[in-house]
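# An overview of the molecular structure
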Amino acid sequence: MIAQAPFAKAAEPVKIGFLVKQPEEPWFQDEWKFAEMAAKKNGFTLVKIAAPSGEKMMSAIDNLAAQQAQGFVICTPDVKLGPGIVAKAKADHLKMMTVDDRLVDGAGKPIESVPYMGISAYNIGKQAGDGIAAEIKRRGWDMKDVGAIDVTYEQLPTAHDRTAGATDALTADGFPRGNIIQAPQSKTDAESAFNAANIALTKSPQFKHWIAYGLNDEAVLGAVRAAEGRGFKADNMIGIGIGGSDSALNEFKKPTPTGFYGTVITSPKRHGEETSDLMYTWITQGKEPPKVTLTTGMLATRDSVSLVRQQMGLTSN
Ligand code: GLA
């Protein structure tokens, strides 16, 4: 007697979608790269989809169902679309896991039923803030002369938590709260951060030195470029980003150091490969991924970046 297979039938090829909000950002390219590795290793088809708007995302999910995919991993362009995405995945009989940005419901609360992998946002923000504070002290700056550009993106909870962590760490280390200038960006890219930072710089001409932090490397790079435009270069600027993919690496490769002092390297390998592995196991064995997985990061500067990447298993690729 042949036992009935309870999950994806052995003969049925496994197809998994990986939808990202900002495909031009190196972080998401890396996630895709690592997701491809999971696909090769496990022998499933990965469908990479750019979903920069809610509309594109919804039609991409239907498209995956039409292609007979069994599930997808998603970083949505807008977490508030949460209930709509959940309903769409259900209607299309697709398993769903979120990565990076966690879906929220109508009240702004996380949708806990959907498995999620994201960075430990507050703690990683704290690492950035502590790293900046340590460097301010090493340089012997008087904190009252230092302005902080806090590049914010409050509509995204993980972004809020990251910058809140950095702010808290800095103030705990003695940085004057009144010197922190919020620079709200309209999108999570370097150009929006550049525009936001320019406004902050214009508002506060009194400072001798500047520091900057934000949700990712692009946010801090935008601030660093804006400060450069006002003459604040490596000697008078300390920016620490979050991510550690090509945006940061290219900055460290420049022959002369810039105000982009460091980055807290997080793991696109875990976010790309492990999420895909988890989705594959869910489809083939019926084992649902953990509801929440929070990944850690390590602070790296121009000098330590190679070693830190090695320690995080990111160099062989
Ligand atoms: C968000 C940000 C990305 C990246 C990821 C990491 O999606 O927009 O730049 O930092 O989080 O989880």
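Everything that follows concerns the structure shown earlier in this document.
Here is a short report on the structure shown in this document. (Residues numbered from 1 in each chain as written. Predicted model: local features only at pLDDT ≥ 70, side-chain atom pairs only at ≥ 80, totals over all residues. Heavy atoms only, no water.)

All right, on to the sheet that holds strand β7 (residues 180-184) then. In any sheet, the strands associate via hydrogen bonds between backbone groups, in a parallel or an antiparallel arrangement. Within the open sheet, the six strands sit side by side as β7-β6-β8-β9-β10-β12. Their pairing is mixed. The open sheet terminates on both sides in strands that have one partner only, identified here as β7 and β12 (298-301). Strand-to-strand twist in this sheet, taken as the mean axis angle between neighbours without regard to direction, amounts to 20 degrees. Judged from the three bridges that link them, strand β8 (residues 209-213) and strand β9 (residues 237-243) form a sheet pairing that is parallel. Across the sheet, the residue bridging to Trp 210 is Met 237, located in β9. (Pairing = 2+ DSSP bridges. Helix = DSSP H or I, 4+ residues; strand = E, 2+ residues; numbered from the N terminus. Axes fitted to C-alpha atoms, helices over the stretch in contact; angles between N-to-C directions.)

Phi is positive for His 93, close to 55 degrees, though the residue is something other than glycine. At Asp 100, a position not held by glycine, the phi torsion is positive, near 70 degrees.

All right, on to the pattern of salt bridges then. A side chain with one charge may pair with a side chain of the opposite charge, provided their charged atoms come close. On inspection of all chains with the given rule, the structure shows 18 salt bridges. Taking the shortest distance from any N to any O, the salt bridge between Lys 144 and Asp 142 comes out at 3.4 Å. Judged by its relative accessible area of 41%, Asp 142 falls in the partly exposed class. One salt-bridge network, in which partners are shared between bridges, spans Lys 41, Lys 269, Glu 273 and Asp 277. (Salt bridge = Lys/Arg side-chain N within 4 Å of Asp/Glu carboxyl O. Buried < 20%, exposed > 50% of the residue type's maximum accessible area, 1.4 Å probe, protein only.)

None of the figures reported here should be taken as evidence of function without further support.
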